[in-house]
Amino acid sequence: MFSFGDIMSEAFVLILNWDRNLSEIVGLSLYVTLSAVLLSCLIGLPLGAMVGAFRFPGRGVMTVILNALMGLPPVVVGLFVYLMLSASGPFGPLQLLYTPAAMIIAQTILVTPIVAALTKQVVEDLHGEYAEQFASMGLRPQERIAALLWDARYSLMTVALAGFGRAVAEVGAVLIVGGNINHVTRVMTTTIALETSKGNLELALALGVVLLVLAVLVNAVVMALRASAVRAAYA
Amino acid sequence: MLRRHLFSLAAGAALALGLSGAAQAQDQFIVVQSTTSTQNSGLFDHILPIFQDKTGIEVRVVAVGTGQAIKNAENGDGDVLFVHAKAAEEKFVAEGHGLQRSDVMYNDFILVGPPNDPAGIAGTTDIVAALTKIAETGATFASRGDDSGTHKAELKLWKEAGIDAAAASGDWYRETGSGMGATLNTGTAMGAYVLTDRATWISFGNKGDYQIAVEGDDRLFNQYGIILVNPEKHENVKAEAGQAFIDWVLSAEGQQAIADYKIDGQQLFFPNANG
């Protein structure tokens, strides 16, 4: 049977013998996931802040919807994006199916609700403290949003990391819209699924260890950036 | 102002995505909708570089079950269909989704089972009799259950045996609803018999103590076919490059490349384009 010692040593060998194939797969994973997180933040941060800071009709409904969408099943998102991008679908002429762009779109749909819903919570709490001050300064709505997002930036880094975690670990959606094409749309998670289906379980798990190391590195970099930014701000 | 800002950001992002898609479309490549057996066995890794060196055409393979591959090709999401379910392929052509269908190669299905052989069928060659025994003894059988080529072949065999296996679904008949490799992983773990194509089995890395129980029946023949997706139905189909790939696969050189592919000295696919 399998021993975890073997799996760890296989992972170690994979990392030691780091080849072009692995760089390609790891690079594409990072490219797709980070692009999706960036797009999700561009949409989700202002959206979440607006829902968090302002009172408007339908706000409760919007909150419930955003929270519920955090649980979107990746396979369903994958199917939806496939139907949109298929040659027979409305966006077929763009020819985005089976490209990294399709994977970025699918992951953006998955991650945006997470960023928006968590941002809403962070901003809502902060707005409670700032509301009177904002009113006395006579700030316009967009200035309030900007101020709230800026002051909450350290908490929002964690929000972005939550989105990153969801995207980098996801396989159902990218498998359908990317097609797991070698050298084109093959990422860490789809490679793990492929190796599992070939019965190469040790290799699959070893790749999983590499993915985990990657996630730890990204988190460490963000935390280091945050720490140095905090030091600079309060020095 | 904020809203305008957001809009321009979104438009910029959409443009960037669109551009990256368009840039990729300029390269010479085709998409082949194919099956997990051809991909997982490593056949494509062996023959595609030869074709690309010769023609400069990159072949991108989407490997899914035959049922899904046909559906994707019907939607126009691919230039060439390369699968193994002759009846479904002929229907695909008859309905106008594809042009002419050609035989490419064959291998065979085998029934693999646990060493204790609960149905007592190891070493036999009559697949229908073996399936009947499995049903009679209630030995566990793991089915793909995913409308793939292998699944269609399996259903045909149950029909020949006159057994309604689906009625026992959840009991001794387990439908995994997943690919060949995943079904082998599940089946070997639960001590079930599994019908698999020989290529996937030879290249499968998690066999455990499993052995081939039944092989050599004519009814276990597994034919692969290739079809160009109809460019009149889907104008995005790259008919010229797709046809070039089909012509090469059917040519003496392509057929030889298929025959040359071996794992541990065993040939996985047998070309038969002209027979």
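In this text the structure is predicted, and so the values were computed from the model without any measurement.

**Things to note about the overall build of chain A**
Looking only at helices and strands, chain A has 10 helices and zero strands in total. Moving toward the C terminus, one meets the helices and strands of chain A in the order α-α-α-α-α-α-α-α-α-α. Counting every position in chain A, which comprises 235 residues, the buried fraction comes to 44%. Of the contacts made within chain A by residues no fewer than 6 positions apart, 79% connect residues no fewer than 24 positions apart.

**With respect to the overall build of chain B**
When helices and strands are counted, chain B shows 11 helices and 12 strands. Considering only contacts in chain B between residues 6 or more positions apart, those separated by 24 or more positions represent 76%.

**Describing the environment of Pro49 of chain B**
Residues and elements named next belong to chain B. With respect to the helices and strands, the residue Pro49 is situated in helix α3 (residues 43-55). On the basis of neighbour count, Pro49 is assigned to the exposed category, with 12 C-beta atoms found within 10 Å. Sequence separation of Pro49 and Glu235 is 186 residues, and the distance between their C-alpha atoms is 27 Å.

**Points about the packing of helix α2 (residues 20-53) of chain A against helix α7 (residues 153-168) of chain A**
All names here are of chain A. Running from N to C, α2 and α7 cross one another at 135°; their axes reach a closest spacing of 9 Å. The angle between α2 and α7 places the two elements in the oblique class. Of the two elements, α2 crosses α7, and the hand of that crossing is right-handed. Across the interface between the two elements, Ser29, Thr33, Ala36, Val37, Ser40, Cys41 and Leu45 from α2 touch Leu156, Ala160, Gly163, Phe164, Ala167 and Val168 from α7. Of the residues belonging to the contact of α2 with α7, the class tally is nine nonpolar, four polar and no charged.

**Points about the domain arrangement of chain B**
Residue and element names in this part refer to chain B. Here chain B is partitioned into domain 1 (28-107 + 223-271) and domain 2 (108-220). If you average the C-alpha positions of domain 1 and of domain 2, the two centres end up 26 Å apart. Taken together, the contact between domain 1 and domain 2 spans 18 residues of the former and 15 residues of the latter. Breaking the side of domain 1 that touches domain 2 down by element, the ones donating at least two residues are α2 (36-40) and α4 (66-74). Here the element with the most residues in the side of domain 1 that touches domain 2 is α2; it accounts for three residues.

**A closer look at helix α4 (residues 74-85) of chain A**
Residue and element names in this part refer to chain A. Taking 1.5 Å per residue as the helical rise, α4 with its 12 residues ought to reach 16 Å, and the 16 Å between its terminal C-alpha atoms agrees with that figure. Where α4 is concerned, the buried positions are Pro74, Val77, Gly78, Val81, Tyr82 and Leu85. Down the axis, α4 shows its buried residues gathered within 135° of arc, on one side only. In this structure, the buried residues of α4 make contact with α5 (100-137) and α8 (172-178).

**Considering the UniProt feature "domain: ABC transmembrane type-1" (unreviewed entry) in chain A**
Per the UniProt record, "domain: ABC transmembrane type-1" (unreviewed entry) is annotated on residues 26-222 of chain A. The span residues 26-222 of chain A carries 79% helix and 0% strand; its end-to-end C-alpha distance comes to 18 Å.

**Re the confidence of the model for chain B**
Residue and element names in this part refer to chain B. Averaged over all residues, the pLDDT of chain B equals 90, while 90% of them reach at least 70. Across residues 18-26, confidence stays below pLDDT 50; counting only partners more than four residues off in sequence or on other chains, it has nine contacts. Scoring the predicted complex yields pTM 0.86 and, for the interface, ipTM 0.82.

**Observations concerning unusual backbone geometry**
Even without being glycine, His183 of chain A reaches a positive phi, approximately 70°. Among the secondary structure elements, His183 of chain A is positioned in the loop between α8 and α9 (188-197). With a phi close to 50°, Asp264 of chain B is a non-glycine residue in the positive phi region. Its location among the elements puts Asp264 of chain B in the loop between β10 (262-263) and β11 (266-267).

**Considerations on the environment of Leu22 of chain A**
Residues and elements named next belong to chain A. With respect to the element layout, Leu22 can be found in helix α2. On the basis of neighbour count, Leu22 is assigned to the partly exposed category, with 16 C-beta atoms found within 10 Å. Separated by 176 residues in sequence, Leu22 and Lys198 place their C-alpha atoms 18 Å apart.

**Thoughts on the UniProt feature "transmembrane region" (unreviewed entry) in chain A**
All names here are of chain A. If you check UniProt for "transmembrane region" (unreviewed entry), the listed places come out as residues 28-52, 64-85, 97-118, 154-178 and 203-225 in our numbering. For residues 28-52, helix accounts for 100% and strand for 0%, while the C-alpha atoms at its two ends are 34 Å apart. The distance separating the terminal C-alpha atoms of residues 154-178 is 33 Å; by composition the span is 88% helix and 0% strand.

Reading the values: the criteria
Residues numbered from 1 in each chain as written. Chains lettered and ligands numbered in written order. Predicted model: local features only at pLDDT ≥ 70, side-chain atom pairs only at ≥ 80, totals over all residues. Helix = DSSP H or I, 4+ residues; strand = E, 2+ residues; numbered from the N terminus. Buried ≥ 20, exposed ≤ 12 C-beta atoms within 10 Å, placed from the backbone. Contact = placed C-beta atoms within 7 Å. Axes fitted to C-alpha atoms, helices over the stretch in contact; angles between N-to-C directions. Parallel < 35°, antiparallel > 145°, perpendicular 65-115°, else oblique. Left-handed = near helix turned anticlockwise from the far one by under 90°. Nonpolar A, V, L, I, M, F, W, Y, C, P; charged D, E, K, R; others polar. Domains from an automatic or database assignment. Expected span 1.5 Å × (residues − 1). Arc of directions from axis to C-beta. UniProt positions renumbered as here; feature names shortened; annotations may be inferred. pLDDT = per-residue confidence, 0-100.

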